[in-house]
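Residue strings, one per chain:
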Amino acid sequence: MQIELIETFLDLIETRSFHRTAERLSVTQSTVSARLASLEAALGARLFTRSRAGTEPTTEGVRFEPHARMLRHEWHQAKRRIQVPQRAAHLVRVGIQNDLSALYLGHWVADFRRAAPDTVFYIEPDYSNQMCMDLLHGTLDFAVMFSPKPHPDLHFDSVGEVGYAMISTETDRMEALRPETFVFGHFSPAFEEMHRQLTPDLASAPVSVGQSASVASLILASGGAGYVLEKTAEDLVTRGVAQRVQDAPLLRQPVYAAMHLRDRITPLHRRLTRIVARALA
């Protein structure tokens, strides 16, 4: 089986551009054309039409799309099943949002292993966009993330939320904050937009990062203020190295469990989702 033919077809379905697909797959346009020609020859049908208006799937291409998505998923599932380490029944690859891994990884994995003692877990902290791509391509089985990326092959469950509190080494009142020493947190697109709307005077901060631990590190090293995970804020205040900005709004970030659509009803994925939701309740 030449899975690259399926991958190329599905990427063309998304981009509707041979040039864009070639860029995304890091191959030449002639390679994209050759792969499509091979797939069309194997299926005995034309899958795309090309014109000045662009690239569009034919009726046969539209019909083939759901089967192509299924084939891609099953191929990666089959590869993982033969890669399971000895003495284990299953291998599950789990992605966890970077900020969440710092606080919950140990407890979640301990509960995962109790729920599935015959399973080997491969854990990868990452960001939402990459985890969505990895779920689609079969390199992840389950993920916990901030920003779902809607796709026909992906399923998302809301499992709770985490809070972000503003801390400062200089003041406990917003009126005394200085934008030039503020560290802006862009932990997700939704969080960034909420942050900008509620604190517009701080949106011009000279430094912006996407991880709570990095915000805390920058503030402690150089002084200033910024949003960090609520539990991190509590720890820093308890240690006496920062203070909470009392009149700053607490910003809440929704959390989602993500998986391939075909896995949404499997007992293991349902158990993993319940474990994550219980910790965030």
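Quick note: structure is the one above.
Worth saying up front: this structure is predicted, and the values here are computed from it rather than measured. (Residues numbered from 1 in each chain as written. Predicted model: local features only at pLDDT ≥ 70, side-chain atom pairs only at ≥ 80, totals over all residues. Heavy atoms only, no water.)

### Notes on the overall build of the protein chain
Next up, step 1: Of regular secondary structure, the protein chain possesses 10 helices and 11 strands.
Next up, step 2: If you line up the protein chain on its principal axes, its C-alpha atoms span 70 × 55 × 25 Å.
Next up, step 3: Put simply, the protein chain has 281 residues, and 44% of those count as buried.
Next up, step 4: Long-range pairs, those at least 24 residues apart, make up 69% of the contacts in the protein chain between residues at least 6 apart in sequence.
Next up, step 5: Accessible surface, the protein chain: about 14200 Å² in total, of which carbon and sulfur atoms supply 50%.
Next up, step 6: A gap of 7 Å separates the mean positions of the 31 positive and 32 negative side-chain charges of the protein chain. (Helix = DSSP H or I, 4+ residues; strand = E, 2+ residues; numbered from the N terminus. Buried < 20%, exposed > 50% of the residue type's maximum accessible area, 1.4 Å probe, protein only. Contact = heavy atoms within 4.5 Å. Areas by Shrake-Rupley, 256 points an atom, 1.4 Å probe, with all protein chains shown as cover. Lys, Arg positive; Asp, Glu negative; His and termini not counted. Charge placed at Lys NZ, Arg CZ, Asp CG, Glu CD.)

### Quick word on the pattern of salt bridges
Next up, step 1: Going through the model one piece at a time under the given rule, you end up with 17 salt bridges.
Next up, step 2: The closest approach of N and O atoms between R24 and D11, which form a salt bridge, is 3.0 Å. Placement of R24 in helix α2 (residues 18-25) and of D11 in helix α1 (residues 3-15) is noted, with a sequence separation of 13 residues between them.
Next up, step 3: With its nearest N and O atoms 3.8 Å apart, the salt bridge here joins E230 to R244. Taken as a pair, E230 in helix α9 (residues 230-239) and R244 in strand β10 (residues 243-244) lie far apart in primary sequence, 14 residues in all.
Next up, step 4: Each of E7, E65, R69, R72 and D153 takes part in a single network of salt bridges with overlapping partners. (Salt bridge = Lys/Arg side-chain N within 4 Å of Asp/Glu carboxyl O.)

### A closer look at the packing of α1 against helix α3 (residues 29-43)
For any two helices packed against each other, the geometry comes down to the angle between their axes and how far apart the axes lie.
Next up, step 1: Running from amino to carboxyl end, α1 crosses α3 at an angle of 110 degrees, the nearest separation of the two axes being 9 Å. One way to sum up the angle between α1 and α3 is to call them roughly perpendicular. Across the interface between the two elements, E4, L5, I6, T8, F9 and L12 from α1 touch V32, R35, L36, S38 and L39 from α3.
Next up, step 2: Here the contact of α1 with α3 is composed, by residue class, of 7 nonpolar, 2 polar and 2 charged. (Axes fitted to C-alpha atoms, helices over the stretch in contact; angles between N-to-C directions. Parallel < 35°, antiparallel > 145°, perpendicular 65-115°, else oblique. Nonpolar A, V, L, I, M, F, W, Y, C, P; charged D, E, K, R; others polar.)

### Examining the side chain of H269
Next up, step 1: Within the secondary structure, H269 sits in helix α10 (residues 267-280).
Next up, step 2: According to the relative accessible area criterion, H269 is buried, its value standing at 8%.
Next up, step 3: Beyond its immediate stretch of four places on either side in the chain, H269 contacts D141, F142, M259 and D263.

### Remarks on the packing of aromatic side chains
Next up, step 1: Applying the stated criterion across every chain, the model contains 9 aromatic pairs.
Next up, step 2: Where F112 meets F142, the ring centres are 6.5 Å apart and the plane angle is 90 degrees; that geometry is what we call edge-to-face. On the criterion of sequence distance, the pair formed by F112 in helix α5 (residues 98-115) and F142 in strand β5 (residues 142-145) is long-range, its members being 30 residues apart. Each member of the pair, F112 as well as F142, is classed as buried.
Next up, step 3: Grouped by ring-pair contacts, the aromatic residues Y164, F187, F191 and Y227 constitute a single cluster.
Next up, step 4: Over the ring of F18 we find R50, and its NZ or CZ is 3.6 Å from the ring centre.
Next up, step 5: Directly above the ring of F184 sits R196, whose terminal nitrogen or CZ lies 4.7 Å from the centroid. (Phe/Tyr/Trp six-rings, centres within 6.5 Å; stacked < 30°, edge-to-face > 60°. Lys NZ or Arg CZ within 6 Å of the ring centre and 35° of its normal.)

### A few points about the pairing of strand β6 (residues 154-168)
Next up, step 1: In terms of strand pairing, β6 meets strand β11 (residues 251-260) through 10 bridges, oriented antiparallel. Counterpart to Y164 in the pairing with β11 is L251.
Next up, step 2: Bridge count for β6 against strand β9 (residues 225-229) is 5 bridges, and the pairing is antiparallel. Among the inter-strand pairings, M166 is bridged to a residue of β9, identified as Y227.
Next up, step 3: Note: β6 against β10, 2 bridges, orientation antiparallel. Residue pairing for β10: S168 is matched across the bridge by Q243. (Pairing = 2+ DSSP bridges.)

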